[in-house]
Amino acid sequence: MKVAIIAANGGMFDAYKVFNIATAAAATDAEVGIFFTFEGLNLIHKEGHKQLPMPEGTEHFQEGFQRANVPPIEELVSMASEMNVKMIACQMTMDVMSLEKDHFVGGIDVGEAASFLNFANDANITLTF
């Protein structure tokens, strides 16, 4: 199986959706690729993924995440990398935002949308968050 994910939003809930699906799919030996664009780049930014915003009025979820032993985003990013999830940062968005590859966690690739389209071309599942 092949799973292609576009991460275009950069909040806490977005990160949990993206990395929960990615790591679950990778655990089933699926080939997984995530294309991070616009605010989604926050999910793999060295500092940004440590301080992702929660939607207003949902602060109680943080306690629920801890009570349910849900790993923090930083750990999920690391797990995805260890599970060989292909993480592609959008070059165009990086250029627009004046970001460099060293602003992001290790193990990512930088590429244009076309590089992700090549990956996603024969995906069994394609998701956008």
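This write-up is about the structure you can find in this document. Quick caveat, the model's predicted, so the values are computed rather than measured. (Residues numbered from 1 in each chain as written. Predicted model: local features only at pLDDT ≥ 70, side-chain atom pairs only at ≥ 80, totals over all residues. Heavy atoms only, no water.)

1. Details of the side chain of Asp-14
In step 1: Relative to the helices and strands, Asp-14 resides in helix H1 (residues 12-27).
In step 2: One buried charged residue, Asp-14, remains without a salt bridge, the closest side chain of opposite sign being Lys-17 at 4.1 Å.
In step 3: With near-sequence residues (within four places) excluded, Asp-14 lies in contact with Asn-9 and Leu-43. (Helix = DSSP H or I, 4+ residues; strand = E, 2+ residues; numbered from the N terminus. Buried < 20%, exposed > 50% of the residue type's maximum accessible area, 1.4 Å probe, protein only. Lys, Arg positive; Asp, Glu negative; His and termini not counted. Salt bridge = Lys/Arg side-chain N within 4 Å of Asp/Glu carboxyl O. Contact = heavy atoms within 4.5 Å.)

2. With respect to the packing of H1 against helix H3 (residues 73-82)
In step 1: Their axes nearest at 10 Å, the elements H1 and H3 cross at an angle of 30°. On the basis of the axis angle, H1 is roughly parallel to H3. Of the two elements, H1 crosses H3, and the hand of that crossing is left-handed. Packed against H1, whose contacting residues are Met-12, Ala-15, Tyr-16, Phe-19 and Thr-23, the element H3 presents Ile-73, Leu-76, Val-77, Met-79 and Ala-80 at the interface.
In step 2: Classifying every residue of the contact of H1 with H3 gives nine nonpolar, one polar and no charged. (Axes fitted to C-alpha atoms, helices over the stretch in contact; angles between N-to-C directions. Parallel < 35°, antiparallel > 145°, perpendicular 65-115°, else oblique. Left-handed = near helix turned anticlockwise from the far one by under 90°. Nonpolar A, V, L, I, M, F, W, Y, C, P; charged D, E, K, R; others polar.)

3. Concerning the packing of aromatic side chains
In step 1: By the definition in use, this model includes seven aromatic pairs.
In step 2: Consider the rings of Phe-13 and Phe-61, whose centres lie 5.1 Å apart with planes at 75°: the pair is edge-to-face. Here Phe-61 lies in helix H2 (residues 60-67) and Phe-13 lies in helix H1, a separation of 48 residues in the sequence.
In step 3: For Phe-13, a relative accessible area of 22% gives the class partly exposed.
In step 4: Here the aromatic cluster, defined as three or more aromatic residues joined through ring pairs, consists of Phe-13, Tyr-16, Phe-61 and Phe-65.
In step 5: Looking at Lys-2, its charged tip hangs above the ring of Phe-119, at a distance of 4.5 Å from the centre. (Phe/Tyr/Trp six-rings, centres within 6.5 Å; stacked < 30°, edge-to-face > 60°. Lys NZ or Arg CZ within 6 Å of the ring centre and 35° of its normal.)

4. Some details on a negative patch on the surface
In step 1: Residues Asp-95, Glu-100, Asp-102 and Glu-112 make up a contiguous surface patch of negative charge.
In step 2: Its place among the elements puts Glu-100 in the loop between helix H4 (91-96) and strand S4 (109-111). (Patch = residues over 30% accessible without salt bridge, like charges linked within 9 Å, V, L, I, M, F, W, Y side chains within 5 Å. Areas by Shrake-Rupley, 256 points an atom, 1.4 Å probe, with all protein chains shown as cover. Charge placed at Lys NZ, Arg CZ, Asp CG, Glu CD.)

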